[in-house]
Amino acid sequence: MRAAFPRRAAIAAASVTSLAVLAPLPALADTDPLVVVTDTTVTGALGSALGATASQVSCDVNGNGTPDLAVGMYATFDYTEGAAGAYVLLDAGATTPTAELADLDPVWIVDSSLNYMGGVDVRCAGDVNADGFDDLVLVAQGSAAFLVLGSADFAEVQLDALGDRGWTILGSVSRGNGIGDVDGDGRDEVAVTDTDGVVTILDSETLVDRSDLADVVGTRVSGDGIDLVSVSRAGDMNGDGREDLAVGAASWTAPGATGAGGTGAIWVITDLTGDVTVGDVEIPGFRIDGPPRGYDLLGTSTVGLGDIDGDGYDDLLIGGESDDPLAGSAVVVTGGPDGEDVTTDPLATSTPAVRSATDGTQRGWWLNGVAPGDHLGHAVGAVRMDGWTVLLAGAMDGSPDEERSQAGYAIAIDSRALVAGDLPASASGVIEAAALMDGTVAGATPIEGDIAEQHLGRSFADLTADPSGTLVTFAIGAPALFSEDTSASVRIISLDLAESTDPVTDPTTDDGTDDGTDDGTGTLPTDDDGTTTPTADGAGSPPVVTSSDAQATQGSTATGSTAAQVLARTGASTGHPLAVAGGLVLAGLGALLGARAVRSRTRRP
């Protein structure tokens, strides 16, 4: 088993305390640990940038009750007629094997001739026409957005010839995402950003195919000189019974900033019946400001979490990918009433790092990346279960060791552990990813890239088939952007209760036989030093999860992953120190594109 990130002794040492001392939260039932039960890899062609983007939330385009995985490419510069811009793996999930993408019979989404970069950004749009099938929104950077309708017989899509399968919106679109039913009409809406920093809400009832973005009938969100680059559904963050919208401007500088600028900000908009102007002004909703030190770029990415702390308000996970000299970050912000803005400062010692601007009470938690330039928070994700959530955050430029430069990493955390205060944290509520990366903190599962320049953590997708159950499944993109030696890929990982299944990350051996016995008492693999990996009850030291050695050789079908990975769900009892850890999963990975100007960095999909 490869070594984990070097443990930062100063980080992991004495200043660790329970977050519960900041804001006692409702008691939660004791829960059992989660373990990794499958870890497989779908490999794309060299240079394809497969996994640069993904559907993010659960998405069922063929309506059969099983989530599907939409993955896009980015900047492939493949102008071949008929080239794919994205793929959909129908019924992807825990049973998807390690394989080459072509061997899994994916549905092709054929790229548009309008696309001067090659490869498209893809997200789940929700059900935009209320027909019972989820739909997709795809973006050809700077050229067009495409709404593609799901169907029972979902098959190859030609973006240049959608016909009755969707709509094309022409214009300088930079990103698109499903945002839920923000107007309460029973149909989900989609929001797109453009190169002028304006967000436009698309409603399928008012769309005309091949219309110009400027002519679309829909609500706009904008601000004077503000470059809005991220957009997502936020859930119901103010508790009024309606879906809210989160928009982020990573390059914006909040009032009172003392650093170099680029604090970043997110506006949670709770009423979209008319156009909204954002900035240092009152809005229907509230604003979340990045730290005054500047250059945290908070708002690079966002995803709704549901109500993880049981206070009646939905909550939000925000990425701030930052850059040298800072590490990236992922921030949980809890919901609250309109007008109660949120400020953040991970350097705070006498106040919470994430707090109400009104009365200073705690409004969340801050997670720091491992090292400067790892771009934690470029992507964030969430697996929404019934009453709890697994948070995901990625650092696509993180380097687990010298041999795996920019292999990337991601962290998965059970929200109930975060809320219970069981993660090692400072008194202000700051958690250091470095203290989680050796795999010894129950409740936090670090997942590392295997190969240099793999860029694991660029995107996420929720593939959980049954949110009422215990099996948690998600995909992580590893697009190997601009690498000449590493193939692009997508990892599919499942976690489950230790009591429900034999915890083995490598489902089969090379000859296809089960590594364990039927009663779950089979011998677990040993580490390089001869010690055993932990058993289902958490005994021993939980290993960091890496993908298979087979992936490293770009061709084997065995996963070869290290075994049993404990992700403890939380309980409220203070009698279980480090029994679980949870609440954030951070995803951030910077792009390797040219100049590192704030505006150009935050423009990436």
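Everything numeric in this text was worked out from a predicted model, so none of it was measured.

What counts as what
- Residues numbered from 1 in each chain as written.
- Predicted model: local features only at pLDDT ≥ 70, side-chain atom pairs only at ≥ 80, totals over all residues.
- Heavy atoms only, no water.
- Helix = DSSP H or I, 4+ residues; strand = E, 2+ residues; numbered from the N terminus.
- Polar contact = N/O pair within 3.5 Å; in protein donor to acceptor, adjacent residues only side chain to side chain.
- Contact = heavy atoms within 4.5 Å.
- Buried < 20%, exposed > 50% of the residue type's maximum accessible area, 1.4 Å probe, protein only.
- Salt bridge = Lys/Arg side-chain N within 4 Å of Asp/Glu carboxyl O.
- Disulfide = S-S within 2.5 Å.
- Pairing = 2+ DSSP bridges.
- Patch = residues over 30% accessible without salt bridge, like charges linked within 9 Å, V, L, I, M, F, W, Y side chains within 5 Å.
- Areas by Shrake-Rupley, 256 points an atom, 1.4 Å probe, with all protein chains shown as cover.
- Phe/Tyr/Trp six-rings, centres within 6.5 Å; stacked < 30°, edge-to-face > 60°.
- Lys NZ or Arg CZ within 6 Å of the ring centre and 35° of its normal.

(A) Structural context of the side chain of Ser301. Structurally, Ser301 is set in strand E22 (residues 298-306). Of the polar contacts made by the side chain of Ser301, one reaches the backbone oxygen of Gly377; its length is 2.7 Å. Among residues more than four places away in sequence, those in contact with Ser301 are Ser230, Leu317, Ile318, Gly319, Gly377, His378, Ala379 and Val380.

(B) Seen up close, unusual backbone geometry. Between Asp324 and Pro325 the backbone carries a cis peptide bond, its omega angle lying at 10°. In this structure, Pro325 sits in the loop between strand E23 (315-320) and strand E24 (329-333). For Gln406, which is not glycine, the phi dihedral falls at a positive 60°. For Gln406, the position within the fold is in the loop between strand E29 (389-395) and strand E30 (409-414). Backbone geometry at His455 places phi at a positive 60°, although glycine is not the residue there. With respect to the secondary-structure elements, His455 resides in the loop between strand E32 (444-448) and strand E33 (460-462). The exposure class of His455 is buried, given its relative accessible area of 1%.

(C) Summary view of the pattern of salt bridges. Scanning the model with the defined rule gives 11 salt bridges in all. Asp203 is the partner of Arg187 in a salt bridge, and the nearest nitrogen-oxygen pair spans 3.4 Å. Linking Arg187 in the loop between strand E12 (173-180) and strand E13 (189-194) with Asp203 in the loop between strand E14 (199-202) and strand E15 (211-212), this pair joins segments that are 16 residues apart in sequence. A relative accessible area of 17% means that Arg187 is categorised as buried. Asp203 sits in the buried class, given a relative accessible area of 13%. When the shortest N-O distance is used, the salt bridge between Asp296 and Arg293 registers 2.8 Å. Judged by relative accessible area, which is 23%, Arg293 ranks as partly exposed. Taken together, the shared-partner salt bridges connect Asp185, Arg187 and Asp203 into one network.

(D) Main features of the state of the cysteines. One pass over the full model with this rule turns up 1 disulfide. One disulfide in the model links Cys59 with Cys124; its S-S distance is 2.2 Å. With the S-S dihedral at roughly 80°, the linkage between Cys59 and Cys124 falls on the right-handed side. Placement of Cys59 in the loop between strand E2 (53-54) and strand E3 (69-72) and of Cys124 in strand E7 (residues 121-126) is noted, with a sequence separation of 65 residues between them. Using a relative accessible area of 1% as the deciding quantity, one classes Cys59 as buried.

(E) Expanded view of the sheet that holds E15. Strand order in the open sheet formed by 5 strands is E7-E8-E9-E11-E15, and the pairing between neighbours is mixed. Of all strands in the sheet, those bounded by a partner on one side alone are E7 and E15. Strand direction decides the pairing type here: strand E8 (residues 135-140) and strand E9 (residues 144-148), joined by 5 bridges, are antiparallel. Residue pairing for E9: Val139 is matched across the bridge by Ala145.

(F) Geometry of a nonpolar patch on the surface. Together, Phe77, Tyr79 and Phe482 line one region of the surface with nonpolar side chains, adding up to about 350 Å² of accessible area. For Phe482, the location among the structural elements is in the loop between strand E34 (472-478) and strand E35 (487-497). Taking relative accessible area as the criterion, Phe482 reaches 43% and is therefore assigned partly exposed.

(G) Focus on the packing of aromatic side chains. Using the criterion set out here, one finds 2 aromatic pairs in the structure. Aromatic side chains Tyr87 and Trp108 sit 5.5 Å apart centroid to centroid with 80° between the ring planes, which places their arrangement in the edge-to-face category. Pair noted here: Tyr87 is in strand E4 (residues 84-89) and Trp108 is in strand E6 (residues 107-110), with a separation of 21 residues, a long-range link. Overall, Trp108 belongs to the partly exposed group, its relative accessible area being 35%. The aromatic ring of Phe154 is capped on one face by Arg165, whose charged end is 5.5 Å from the ring centroid. Its end group placed over the ring of Phe286, Arg363 keeps NZ or CZ at 5.4 Å from the ring centre.

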